Amino acid sequence: FAVSASQDNTIKVWKVATGKEVRTLIGHTDAVRSCCFSHDGAMILSGSYDLKCIVWVRVAGTETWTRASVLQNHTRGVTSCAFTPDGMVAVSGSWDSSVVLSAIGDARLFADFEEEDSSLQQLLQDTKMAHPAM
């Protein structure tokens, strides 16, 4: 499967082998700017200008995803989102100049980094050192 974000407030799920759309996910109230699959393909994370990230979970053995949780930890539109490799944390960035880490299961806020936050700067530096191509 592949997933795409849309200006019409939806997320489209596509079957790569056929190029056909298999599902439209509806839940955002403004343009969806970012979306991705979890590493195991069981979840989709979408981020929107409506200030929310939505976690969608695939119904086992189907081409259906259901809304599992809504993460609303930004004060301006979400512009990027991703899962951590273990799929337990959602990472999102926003026009509010923050990076937010939220627990998937209970929508609990783990961390909120502001643009000038030294913790964020250290995290970015550590990431660059661990992955020099970034």
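Cut-off values and rules
- Residues numbered from 1 in each chain as written.
- Predicted model: local features only at pLDDT ≥ 70, side-chain atom pairs only at ≥ 80, totals over all residues.
- Heavy atoms only, no water.
- Salt bridge = Lys/Arg side-chain N within 4 Å of Asp/Glu carboxyl O.
- Helix = DSSP H or I, 4+ residues; strand = E, 2+ residues; numbered from the N terminus.
- Buried < 20%, exposed > 50% of the residue type's maximum accessible area, 1.4 Å probe, protein only.
- Contact = heavy atoms within 4.5 Å.
- Phe/Tyr/Trp six-rings, centres within 6.5 Å; stacked < 30°, edge-to-face > 60°.
- Pairing = 2+ DSSP bridges.
- Polar contact = N/O pair within 3.5 Å; in protein donor to acceptor, adjacent residues only side chain to side chain.
- Axes fitted to C-alpha atoms, helices over the stretch in contact; angles between N-to-C directions.

Asker: Before we move on, can you summarise the pattern of salt bridges with the specific residues and values?
Answerer: This model, assessed by the stated rule, comprises 2 salt bridges. Of the charged contacts, one joins Lys15 and Glu63 as a salt bridge, the two residues approaching to 2.7 Å between their closest N and O atoms. Of this pair, Lys15 sits in strand β2 (residues 10–15) while Glu63 sits in the loop between β6 (53–58) and β7 (65–71), and the two are 48 residues apart along the sequence. Residue classification places Lys15 among the partly exposed residues on the basis of a relative accessible area of 31%.

Asker: Now, about the side chain of Lys52: what can you tell me, with residues and values included?
Answerer: Position of Lys52 among the secondary structure elements: in the loop between β5 (43–48) and β6. With residues near it in sequence (within four places) discarded, Lys52 still touches His28, Thr29, Ser46, Gly47, Val70, Leu71, Gln72 and Val78.

Asker: Which residues make up the packing of aromatic side chains, and what values go with them?
Answerer: The full count for this structure, using the stated rule, is 2 aromatic pairs. Consider the rings of Phe37 and Trp65, whose centres lie 6.4 Å apart with planes at 55°: the pair is tilted. Residue Phe37 is found in strand β4 (residues 32–37), and its partner Trp65 is found in strand β7; the two are separated by 28 residues along the sequence. The exposure class assigned to Trp65 is buried, which follows from its relative accessible area of 5%.

Asker: Could you give me a rundown of the pairing of β2, with the residues and numbers involved?
Answerer: Looking at chain direction, strand β1 (residues 2–5) and β2 are connected through 4 bridges and run antiparallel. Within β2, the residue paired with Ala2 across the bridge is Trp14. Between β1 and β2, which follow one another and run antiparallel, lie 4 residues, and Asn9 among them has a positive phi close to 75°. With 6 bridges joining them, β2 and strand β3 (residues 20–26) adopt antiparallel strand pairing. Bridge pairing in β3 places Ile11 opposite Leu25.

Asker: Provide a residue-level description of the side chain of Ser6, including the pertinent values.
Answerer: Along the chain, Ser6 turns up in the loop between β1 and β2. Reaching out from Ser6, the side chain makes a polar contact with the side chain of Asp8 at a distance of 2.7 Å. Ignoring anything within four residues of it in the chain, the contact list for Ser6 reads Ala31 and Val32.

Asker: Account for unusual backbone geometry, naming residues and giving values.
Answerer: Most peptide bonds take the trans form, and the phi angle of most residues other than glycine is negative. The phi dihedral of Asn9 is positive, around 75°, even though this residue is not glycine. Examined against the element boundaries, Asn9 turns out to sit in the loop between β1 and β2. Even without a glycine there, the phi angle at Ser97 is positive, about 65°. With respect to the helices and strands, Ser97 occurs in the loop between β9 (89–94) and β10 (98–103). Since its relative accessible area comes to 34%, Ser97 is described here as partly exposed.

Asker: Tell me about the sheet that holds β6, and name the residues and values.
Answerer: Strand pairing in a sheet relies on backbone hydrogen bonds, with the paired strands running either antiparallel or parallel. Ordered by their spatial adjacency, 4 strands build an open sheet running β4-β5-β6-β7, and the pairing between neighbours is antiparallel. Since the sheet does not close on itself, it has two edges, and those belong to β4 and β7, each with one partner. Shown here is a sheet whose adjacent strand axes are inclined to one another by a mean of 20°, direction ignored. Examined bridge by bridge, β5 and β6 share 5 bridges and lie antiparallel to one another. In the strand pairing of β6, Ile44 is matched with Trp56.

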